[in-house]
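Topology and contacts: notes
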Amino acid sequence: SFPMMRDTSIRLHYEQTEWLSGEEEDARFNAWKTGNTGYPLVDSGMRELWKTGWMTQSVRMVVASFLVEYLRVNWVRGAK
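Below is a summary of the structure that appears in this document. (Residues numbered from 1 in each chain as written. Predicted model: local features only at pLDDT ≥ 70, side-chain atom pairs only at ≥ 80, totals over all residues. Heavy atoms only, no water.)

**Things to note about the pattern of salt bridges**
Think of it this way: side chains of opposite charge can pair up when their charged atoms draw near. Note the following rule: Should a side-chain nitrogen of Lys or Arg be within 4 Å of a carboxyl oxygen of Asp or Glu, the pair is scored as a salt bridge. Each helix is a run of H or I in the DSSP string that is no shorter than four residues. Each strand is a run of E no shorter than two, and both are numbered from the N terminus. Summary of the burial criterion: residues with accessible area below 20% of their type's maximum are buried, those above 50% are exposed, and those between are partly exposed, where the area comes from a 1.4 Å probe applied to protein chains only.
The final tally for this structure, using the stated rule, is 3 salt bridges. Notably, a salt bridge pairs E24 with R28, separated by 2.8 Å at the nearest N-O pair. With E24 and R28 both in helix α1 (residues 22-34), this residue pair falls 4 residues apart, about one helical turn. Exposure remark for E24: the relative accessible area of 39% places this residue in the partly exposed category. Looking at R28, the relative accessible area reads 27%, which means it is partly exposed. Put simply, D26 and R77 hold a salt bridge, and the shortest N to O gap is 2.9 Å. With a gap of 51 residues between them, D26 in helix α1 and R77 in helix α4 (residues 75-79) connect regions that are remote in the sequence. In this structure, a network of salt bridges that share partners links the residues E25, D26 and R77.

Have a look at this one:
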């Protein structure tokens, strides 16, 4: 399959993305992780994951895309 997938994106355009770093990245990541982004669909999905340990596939795609596309936090951090 994809042995390097944990560190290298299979979508090459992400390799050239300028990700946030430092305190701003930490703040955005923590808001996303705890369901405090201010976006109800994202927040409810992350709170569901925190409380139950799972979320539906459609919500998983939304929260993952939000982390990468809107918050500009590297997807590797979100995958962990």
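That covers the picture; the talk isn't over yet.
**Section: the packing of aromatic side chains**
Our working rule: What counts as a ring pair is set by centres within 6.5 Å for rings of Phe, Tyr and Trp (its six-membered ring), and what kind of pair is set by the plane angle: stacked under 30 degrees, edge-to-face over 60, tilted for all other angles.
Tallied over the full model, the rule gives 3 aromatic pairs. Centroid distance F29 to W32: 5.7 Å. Interplanar angle 35°. Geometry classified as tilted. Note that F29 and W32 are positioned in helix α1 at a spacing of 3 residues, about one turn of the helix. By the burial criterion, F29 is buried, and W32 matches it. Among the aromatic residues, ring-to-ring pairing joins Y39, F66 and Y70 into one connected group.

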